[in-house]
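# Structure assessment
Listed below are the residues making up each chain.
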Amino acid sequence: MAKKGFLLVLMQPPPAFEEEFNAWYDTEHIPERLAVPGFETGLRFVNVSGAAPRYLAIYDLASPEVLRSEAYLRVAFDRSSPWTKRVTSRVRVWRYSGEQVHPGDRVTGPCARLTLLRFREAGTGAVPAVVAGMRAVFGERPETRQVRVLAGEGGAKADVFGIVEARAPSAEGFDPTAFGAAADTLDLVNTYAPW
């Protein structure tokens with residue numbers, strides 16, 4: 001089974017720039033990305049846990065190679081639109097891409113809340129511990145719709161992400177020891193609502 005790819009983007013616009021930022025994202029950026037073959041979803045979320053970054057976008061990809069395709073490269077980076085260049089020059093952006101390692105074949109679906117856990121530079125060697133921890137901590141909660149684990153590019157220095165999609169707001173808090181040594185790299189736990 002081929003594993004799906006992902007593009008995950010965290011963004012923090014200046015408060016005075018949020019109106020234009022959201023207009024750009026909704027009217028140009030998401031439609032432009034979804035027109036690229038291999039982009040299967042493009043969903044936006046806003047932080048409800050109070051911590052930055054304020055916005056999250058998740059794109060599920062048919063494979064990680066989609067981000068190296070000519071169709072994507074025609075609308076990305078130095079070929080981005082003037083509006084994209086204007087917005088991204090004024091917004092703090094954290095961009096991650098890689099492969100969905102657990103379960104490997106799912107896409108982001110409708111949810112009331114999405115919790116994002118980032119294991120900073122945990123490396124691909126930490127993936128089994130992160131998968132086990134995500135399943136143990138979140139897998140059996142009644143509000144959990146699905147749990148996924150994404151491994152960013154970078155091998156031994158890759159960021160690993162846990163994503164929990166919930167049917168309803170989840171109970172806050174969890175025991176980080178479920179993640180073993182990977183718990184020491186956990187530097188972000190944010191809850192987002194659909195945009």
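Before reading on, note that the structure itself is shown above.
Residues numbered from 1 in each chain as written. Predicted model: local features only at pLDDT ≥ 70, side-chain atom pairs only at ≥ 80, totals over all residues. Heavy atoms only, no water.

Another point: the pattern of salt bridges. Within this structure, the stated rule accounts for 15 salt bridges. Here R54 and E18 are joined by a salt bridge, their closest N and O atoms 2.8 Å apart. Of this pair, R54 sits in the loop between β2 (39-47) and β3 (55-61) while E18 sits in helix α1 (residues 18-34), and the two are 36 residues apart along the sequence. In this structure R54 comes out as partly exposed when scored by relative accessible area, which is 32%. (Salt bridge = Lys/Arg side-chain N within 4 Å of Asp/Glu carboxyl O. Helix = DSSP H or I, 4+ residues; strand = E, 2+ residues; numbered from the N terminus. Buried < 20%, exposed > 50% of the residue type's maximum accessible area, 1.4 Å probe, protein only.)

Quick look at the nonpolar core now. Side chains that are nonpolar tend, in soluble globular proteins, to be buried together. Core analysis: the largest hydrophobic core is formed by 23 residues, its most contacted members being M11, F21, Y25, F39 and Y59. For this core, the elements supplying multiple residues, two or more each, are β1 (5-12), α1, β2, β3 and α2 (70-73). Setting aside anything within four residues of it in sequence, one finds F39 in contact with L7, R33, L34, Y59, D60, L61, V66, L67 and Y72. (Core = buried A, V, L, I, M, F, W, Y, C linked by side-chain atoms within 4.5 Å. Contact = heavy atoms within 4.5 Å.)

Right, let's get into the sheet that holds strand β4 (residues 92-102). On the basis of which strands lie adjacent, the closed barrel formed by eight strands has the order β1-β3-β2-β8-β5-β7-β6-β4 and antiparallel pairing. The sheet shows a mean angle of 30 degrees between the axes of neighbouring strands, direction not considered. The sheet strands contacting helix α4 (residues 127-138) are β4, β5 (113-119), β6 (144-152) and β7 (160-166), and the helix crosses β6 at an angle near 165 degrees. (Pairing = 2+ DSSP bridges. Axes fitted to C-alpha atoms, helices over the stretch in contact; angles between N-to-C directions.)

These values are about where atoms sit, not about what they do.
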